[in-house]
Amino acid sequence: MRLFLSSQFREVKDKYAELNWGGKTVAVIPTAGDLYDSAPWIDGDKQALVELGLQIEDYDIKEKTEEEIYAYLKTKDAIFVAGGNTFYLLYHARLSGFDKALARLVDEKIYIGSSAGSVLVGPSIEPTGSMEKKEQAPAFDDYRGLGFVDFIVVPHANDPKYGPLGRQIKEEWIGTYNFVIISDDQAMVVQNW
C-alpha cells in the first residue's frame, strides 16, 4: 500500500516531484466535487498532476459496478480521489462498489487523496461532518470510511474557515478516533501500513 494524503494536492506537488512519476497513468475520481457549480480545486489538482508528468483521465464512478470500476482501475498506475463533499463521495463509493474495487487494488496501486479523498481512507468520515454540508449528500447513516489507515485526516488546518472546525473536531472526538490535522501545504505518505 502506498497512500499520498493531502489537503490540496496542488499545494504540495513539489514534495512529490522527486518520486519520478513521469508517464504513469492516473484515474482521477472527481465525484466529491459534483455538488458544486464549479470545482477549481479539482482543476488545480489535475493541473498539478499533469505538471508532474502524469497522464490523467477523469473517471466517474457513479452508475458503474464494482467489476467495471475494478477493470478500469486495474489498468492505471495510480488513483487520485479529489476533494469536495466527503459524504457524497462515500455514498457513491458504496453505491457503485468503488470502495470494494479499491480495497482489492490498494496493495498494488498508488492512492492519492486530496481533502475528501484523504478523509475517505480513514476509519470514519463522521467527525468531519461539521466541515461540510452533509445534508446535500443523499441520506445514509453508515459513516465508516475505507479503513486503509487507523486515523482520520482533518484537512485545511491553516484555512480561516476550516482550521477552527478541525481543532474543534479533534477536541469533540478525542478518545474515539486518532486524528492527523494537516494544513494545505502539508502532506503525508503512508507506505506498507
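All values derive from a computational prediction rather than experimental measurement.

Asks: Residue-level account of the packing of aromatic side chains, with values.
Replies: Inspection of every chain in the model, using the stated rule, returns seven aromatic pairs. Taking the centre distance of 3.9 Å and the plane angle of 5° together, the rings of Tyr59 and Tyr72 count as stacked. Placement of Tyr59 in the loop between strand S3 (55-58) and helix H3 (66-74) and of Tyr72 in helix H3 is noted, with a sequence separation of 13 residues between them. With respect to burial, Tyr59 and Tyr72 carry one shared label: buried. A connected cluster of aromatic rings, assembled from ring pairs, spans Phe87, Tyr91, Phe140 and Tyr143. Across from the ring centre of Tyr59, 4.8 Å away, lies the NZ or CZ of Lys64, which sits over that ring.

Asks: I'd like a description of the sheet that holds strand S4 (residues 78-81), backed by residues and values.
Replies: In spatial order, the strands read S3-S2-S4-S5-S1-S8; together these six strands make up an open sheet with mixed pairing. The sheet is open, and its two borders are formed by S3 and strand S8 (187-191), each paired with just one other strand. When strand polarity is set aside, the average angle formed by the axes of neighbouring strands in this sheet is 20°. Strand direction decides the pairing type here: strand S2 (residues 25-29) and S3, joined by four bridges, are parallel.

Asks: Can you tell me about the pattern of salt bridges, naming the residues and giving the values?
Replies: Scanning the model with the defined rule gives twelve salt bridges in all. Among the salt bridges present, the one from Arg10 reaches Asp45, with a minimum N-O distance of 3.3 Å. Here Arg10, found in helix H1 (residues 9-16), pairs with Asp45, found in helix H2 (residues 40-51); they are 35 residues apart in sequence, far enough to count as distant. Notably, a salt bridge pairs Asp58 with Lys46, separated by 2.9 Å at the nearest N-O pair. Here Lys46 lies in helix H2 and Asp58 lies in strand S3, a separation of twelve residues in the sequence. Three or more residues joined by partner-sharing salt bridges are found here, namely Lys13, Asp14 and Glu51.

Calculation criteria
Residues numbered from 1 in each chain as written. Predicted model: local features only at pLDDT ≥ 70, side-chain atom pairs only at ≥ 80, totals over all residues. Heavy atoms only, no water. Phe/Tyr/Trp six-rings, centres within 6.5 Å; stacked < 30°, edge-to-face > 60°. Helix = DSSP H or I, 4+ residues; strand = E, 2+ residues; numbered from the N terminus. Buried < 20%, exposed > 50% of the residue type's maximum accessible area, 1.4 Å probe, protein only. Lys NZ or Arg CZ within 6 Å of the ring centre and 35° of its normal. Pairing = 2+ DSSP bridges. Axes fitted to C-alpha atoms, helices over the stretch in contact; angles between N-to-C directions. Salt bridge = Lys/Arg side-chain N within 4 Å of Asp/Glu carboxyl O.

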